[in-house]
Amino acid sequence: MNVLVVGNGGREHALAWKLKQSSRVDRVFVAPGNAGTQEDAENVAIDPADFASLVKFCRQNQVELTVVGPEAPLSLGIVDAFRTEKLRIFGPSKSAAQLEASKVFCKNLLRQADVPTADYQVFRSADSAKRFIADRYPSDTEDVPVVVKADGLAAGKGVIVCSKRAQAMQAIDRLSGNEFGTAGAQIVIEERLDGDEASVIAITDGQTIVTLSPAQDHKPAYDGDQGPNTGGMGAYCPTKLVDDKVMSFIQEQVLVPTVHALKRGRHPFTGVLYAGLIMTNQGPKVLEYNVRFGDPECQPLLMRLKTDLMDIIEATVDGRLDEIGSLEWDPRPSVCVVMASEGYPGSYEKGHVIRGLREAAAMPDVKVFHAGTKRDSDGRIVTAGGRVLGVTAMGDSISAAKLQAYKAVRCIRWDGAWCRKDISDKALTY
Ligand code: AMP
Ligand code: GLY
């Protein structure tokens, strides 16, 4: 059968690469894709927000199933648009995608379902939010342990972790200002929690929930978790932070009540449910939900997945995920190191020629997933985004996988290329 993957990042390259390995899949199209998906699949120049053109393409090319990578088309209703046209698609409806698109929706649902999460309050104006901070923290000098969040999608920039009153006030002004548009129309202020973070990604058809191997992302830009937040500078899996006992807790106290609450609220969920968790002294708590695979977590996860991804996705879309049973994994851990453009997560140049990709790809147990890349008019692969590549490797231990990933990183160069040097080091401390 033919499959369409929607999106153009490292996650979509990994999805296309894995789907292509299925014995039941003939052609994999990616809209719009990048230079990596052009090699492992076939790129189609259609914008992920142009549902009419995507539908037309699927009809003309006998696409039997569409897999959506990023949150934006999901929250715009791509799944509803395809279902109306009787086309099969993997992902949540627009109404269920609010779980990621609206922090207020997510927090209210978590509270209602009694899922452990940070205490919070919602404000409809900057003034009321600032009054709350002023009343609760009258002194300028004390620690102000709050996190200020814009309600809507803000490409990872809508969350400001605070420790001072002035900082919280500034965060409120910023998130409710013009920069964030309607995303900042409501502000969530929540209690600041302390602990290590893990990503538990599950797939559900609304009845059965299948959890994937737990992973850990590295969101801050620089080594030692310093610097501004990014989309993720690297990830590894599995992580010992989530052992079998913690995983059972997350299944029973987090995922099951969430899926039930969504169903009760008439937002039945199918697709990928990604819980961003923080391991506090009181146990795991949900920081956020995403309604799609994590990027970069998807890359090391899919490298280890042995079960046919097409089987899992089709079973989900057809509402028979219970038939899949437990998933099969390569026992070796995997590590993904993101190579980024100079200046990322701020502004950066594009169009630098990337060298050494072939040498890196020839290394054993290595896969270089492309994110912000494209082919220029001369056929050269050039940078086209902030996060450029996700260099992923497996090894007999996390340290061995890390070593192999960084060996591959050293083969690759372009003007201004950089990466964190400590991806997966935290794993050795758990
Ligand atoms: P979110 O998009 O809500 O996951 O937030 C992005 C990042 O902000 C998280 O990965 C955490 O590092 C941090 N963060 C969010 N909420 C909290 C919280 N309540 N306490 C501490 N850190 C938080
Ligand atoms: N890696 C974090 C995310 O995909 O949101």
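Every value quoted in this text rests on a predicted model; they were computed, and no experiment measured them.

Topic: the site of ligand 1
In the region of ligand 1, 14 residues are neighbours, and Lys149, Glu190, Leu193, Glu197 and Glu288 sit closest. Leu193 places a main-chain nitrogen or oxygen 2.8 Å from a nitrogen atom of ligand 1. The separation between an oxygen atom of ligand 1 and a polar side-chain atom of Lys219 is 3.1 Å. For ligand 1, whose unbound accessible area comes to 470 Å², protein coverage reaches 89%. Mapped onto the shell around ligand 1, the elements with two or more residues apiece are β7 (146–150), β8 (159–161), β9 (187–191) and β17 (283–290). Grouping the amino acids of the shell around ligand 1 by side-chain chemistry returns six nonpolar, no polar and eight charged.

Side note on the packing of aromatic side chains
By the definition in use, this model includes four aromatic pairs. A centroid spacing of 5.2 Å and a plane angle of 80° characterise the contact between Trp17 and Phe369, whose relative ring orientation is edge-to-face. In this pair, Trp17 sits in helix α1 (residues 10–20) while Phe369 sits in strand β19 (residues 366–370), placing the two residues 352 residues apart along the sequence. The exposure classification of Trp17 matches that of Phe369, with both residues buried. Ring geometry for Phe123 versus Phe132: centroids 5.2 Å apart, planes at 45°, classification tilted.

A closer look at the site of ligand 2
Around ligand 2, the structure places Asp217, Lys219, Gly231, Tyr274, Asn290, Arg292, Gly294, Asp295, Pro296 and Glu297. Taking Gly231, its main chain carries an N or O atom lying 3.4 Å from a nitrogen atom of ligand 2. In the model, an oxygen atom of ligand 2 is placed 3.4 Å from a nitrogen or oxygen of the Asn290 side chain. A class-by-class count of the residues in the shell around ligand 2 yields two nonpolar, three polar and five charged.

Thoughts on unusual backbone geometry
The omega angle of the peptide bond from Ala31 to Pro32 is -5°, so this bond is cis rather than trans. Within the secondary structure, Pro32 is located in strand β2 (residues 28–32). Note that the residue after Asp295, namely Pro296, is joined by a cis bond; omega there is 25°. With respect to the helices, strands and loops of the structure, Pro296 is situated in the loop between β17 and α11 (298–304).

Examining helix α9 (residues 165–176)
In this model α9 runs 17 Å from its N-terminal to its C-terminal C-alpha over 12 residues, within 8% of the 16 Å that 1.5 Å per residue would give. Inspection of α9 places Arg165, Ala168, Met169, Ala171, Ile172 and Leu175 among the buried residues, and these make up the whole buried set. Down the axis of α9, the sector holding all buried residues measures 160°, keeping them to one side.

Cut-offs and rules
Residues numbered from 1 in each chain as written. Chains lettered and ligands numbered in written order. Predicted model: local features only at pLDDT ≥ 70, side-chain atom pairs only at ≥ 80, totals over all residues. Heavy atoms only, no water. Near = heavy atom within 4 Å. Polar contact = N/O pair within 3.5 Å; in protein donor to acceptor, adjacent residues only side chain to side chain. Areas by Shrake-Rupley, 256 points an atom, 1.4 Å probe, with all protein chains shown as cover. Helix = DSSP H or I, 4+ residues; strand = E, 2+ residues; numbered from the N terminus. Nonpolar A, V, L, I, M, F, W, Y, C, P; charged D, E, K, R; others polar. Phe/Tyr/Trp six-rings, centres within 6.5 Å; stacked < 30°, edge-to-face > 60°. Buried < 20%, exposed > 50% of the residue type's maximum accessible area, 1.4 Å probe, protein only. Expected span 1.5 Å × (residues − 1). Arc of directions from axis to C-beta.

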